[in-house]
Amino acid sequence: METAAITPTLRWTGDSIEIIDQTRLPAELVLLDVRDVASAVDAIGRLAIRGAPALGAFGALALVVGVDEAQPDSLDAARELLERLRHEIGDARPTAVNLRWAVDRTIDAALAAQELISASTDSDNGSAGSVAELRRRLLDEALAIGAEDAKACAEIGRLGREVLAEATVIATHCNAGRLATAGIGTALAAFYAKAAAGEPVRVLAAESRPLLQGARLTAWELADAGIDVSVVPDGAMASLIAEGEVDAVIVGADRIAANGDTANKVGTLAHALAAADAGIGFYVAAPTTTIDAAVPSGSRIVIEQRSPDEVHHAGGQRLTPEDAKAVNPAFDVTPARLITAIITDAGVLRPPYGESIAQALAEVEPAGSGTGRC
Ligand code: MRU
């Protein structure tokens, strides 16, 4: 069987997107070939592809798939199609800002470039040639988003290793690794960097009920990379932290508000509270593309509510009585005051986050660059 280290989480094949079907891990490594919008939206919805940065890279490529599928015969038809896809793909999951951001960036960049060309030539705006050019621009932008994410992950890993220099036993929640990005991950990038430097590292991966991204995905990719990983039931992590068994906690993020409040997989807040009580570091690792400066605080982040069936069932078996209901929020919000630092590709951000976040965004996006971040 191929390994996580050499099988990309997502890949543009030339005319489709190949992804690892993460619903099948760790039992089997199955690759899916996505070549229509319905399949792309379905893959996002059932978490065959997941993790904020990976959703962004995938959503951007799905726009190209959508153009190839619909084959618009004029630029006007292509523009109309893209406005439909902006919502169909961009809204497929609401909490991870990277999806919406990447879809908007890709469409806006391609349309802006096309308009510049149209304005500077007398070319026929309705010609199929123009549609081909628009498609090429969409693809270039989508591939750039993936490449930039891979670069951001490497930098987060480098900085994460520095921040966690004194930590050996480190807890994490959900999966913020290779399987969640177009690179080596965010939170898990720090583990890869520590291991590559020959530093000791023991990872405690919280299961992350109900879909078990920690137990299934983090454990799979870290074990595959030869990193010492133990799966811990979600409810057990707080007592391990309180007993002094954990040196630090590091997690990824789905959306970071302008004040530093951070949405991540449900259960993250419990780790942050336990870490604060025990006086150990609680770190968020995320690319600056996960920061949503348009959202002032965590109370304004939309939390995805998923099907109660995910709580009722595990491994195809009903766990709960037929009469019981279930509540299934996919994410929670950790207030900025519980976060020791946010490790980004633009540096390690410290409180007060309102200031450090604004400064980091100004550095990655000089005024007027027009890259379209929220
Ligand atoms: O529901 P998921 O599996 O998409 O949730 C993923 C997470 O919560 C990750 O921690 C987050 O997206 C960061 S991935 C680098």
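Before reading further, recall that the structure is shown in the block above.
Residue positions are counted from 1 within each chain, in the order its sequence is given. At least 70 in pLDDT is required for a residue's local features to be given in this predicted model, at least 80 for side-chain atom pairs to be given and counted, and no such filter applies to totals for whole chains, interfaces and linings, which use all residues. The side-chain figures draw on all heavy atoms in the structure; neither hydrogens nor water molecules are used.

1. A look at the environment of I342
Thinking step 1. Mapping I342 onto the fold places it in strand β15 (residues 341-344).
Thinking step 2. Only protein chains enter the accessibility calculation, which uses a 1.4 Å probe. A residue is then buried if its area is under 20% of the maximum for its type, exposed if over 50%, and partly exposed in between. Taking the relative accessible area as the measure of exposure, I342 reaches 0% and is therefore buried.
Thinking step 3. When the C-alpha atoms of I342 and G252 are compared, they prove to be 9.5 Å apart, with 90 residues separating the residues in sequence.
Thinking step 4. Residue contacts are defined here by distance: any two heavy atoms, one from each residue, within 4.5 Å place the two residues in contact. Contact partners of I342, with chain neighbours within four places excluded, come to I256, G260, V284, G347, V348, L349, Y353 and I357. Helical segments are the DSSP runs of H or I of at least four residues, strand segments are the runs of E of at least two, and each set is numbered from the N terminus.

2. Let's talk about helix α3 (residues 75-88)
Thinking step 1. When the terminal C-alpha atoms of α3 are compared, their 20 Å separation across 14 residues agrees well with the 20 Å that a helix rising 1.5 Å per residue should span.
Thinking step 2. Among the residues making up α3, those that are buried are L75, A78, L81, L82, L85 and R86. Down the axis, α3 shows its buried residues gathered within 145 degrees of arc, on one side only. Summarising the geometry of α3, the exposed residues directed more than 90 degrees from the buried face are D76 and E80. Expected span of a helix, by definition, is 1.5 Å for each gap between consecutive residues, and there is one gap fewer than residues. Here the arc refers to the directions that run from the helix axis out to each C-beta atom.

3. Some words on the nonpolar core
Thinking step 1. Ranked by size, the top nonpolar core spans 43 residues in total, and within it L10, I17, I19, I49, F58, L82 and I89 carry the most contacts.
Thinking step 2. Here this core takes 12 residues from helix α2 (residues 52-70), the largest share from any one element.
Thinking step 3. Leave out the neighbours within four places in its chain, and I17 touches L10, R11, W12, L32, D33, V34, F58, L61, A62 and V65.
Thinking step 4. Remark: nonpolar core denotes a set of buried residues (Ala, Val, Leu, Ile, Met, Phe, Trp, Tyr, Cys) joined through side-chain atoms within 4.5 Å. Grouped together as the second largest cluster of nonpolar side chains are 29 residues, I241, I280, I342 and A360 included.

4. Observations regarding the sheet that holds strand β8 (residues 255-257)
Thinking step 1. Pairing in this open sheet of four strands is mixed, and the strands run β11-β8-β9-β14 from one edge to the other. Edge positions in the open sheet fall to β11 (291-292) and β14 (331-334), since each of these has one partner strand only.
Thinking step 2. Here β8 runs beside strand β9 (residues 262-265); their pairing, made up of two bridges, is antiparallel. Its bridge partner lying in β9, I256 is registered against T262. Any two strands with at least two DSSP-identified bridges between them are counted as paired.

5. Description of the pairing of strand β5 (residues 202-206)
Thinking step 1. Burial analysis of β5 places four of its five residues in the buried class, which makes it a mostly covered element.
Thinking step 2. Two strands pair when backbone bridges link them, and strand β4 (residues 169-172) and β5 are joined in this way by four bridges, in the parallel orientation. Bridging from a neighbouring strand, V169 pairs with R202 of β5.
Thinking step 3. Crossover connection from β4 via helix α6 (residues 187-196) to parallel β5: handedness right-handed.
Thinking step 4. The sheet contact formed by β5 and strand β6 (residues 228-232) spans five bridges and is parallel. Considered in β6, the bridge of V203 is made with V229.
Thinking step 5. Tracing the backbone out of β5, into helix α7 (residues 213-224) and back to the parallel element β6 gives a crossover that is right-handed. With the strands aimed away from the viewer, a crossover counts as right-handed if its path from the first strand over the helix to the second runs clockwise.

Function-wise, these values are silent; they only describe arrangement.
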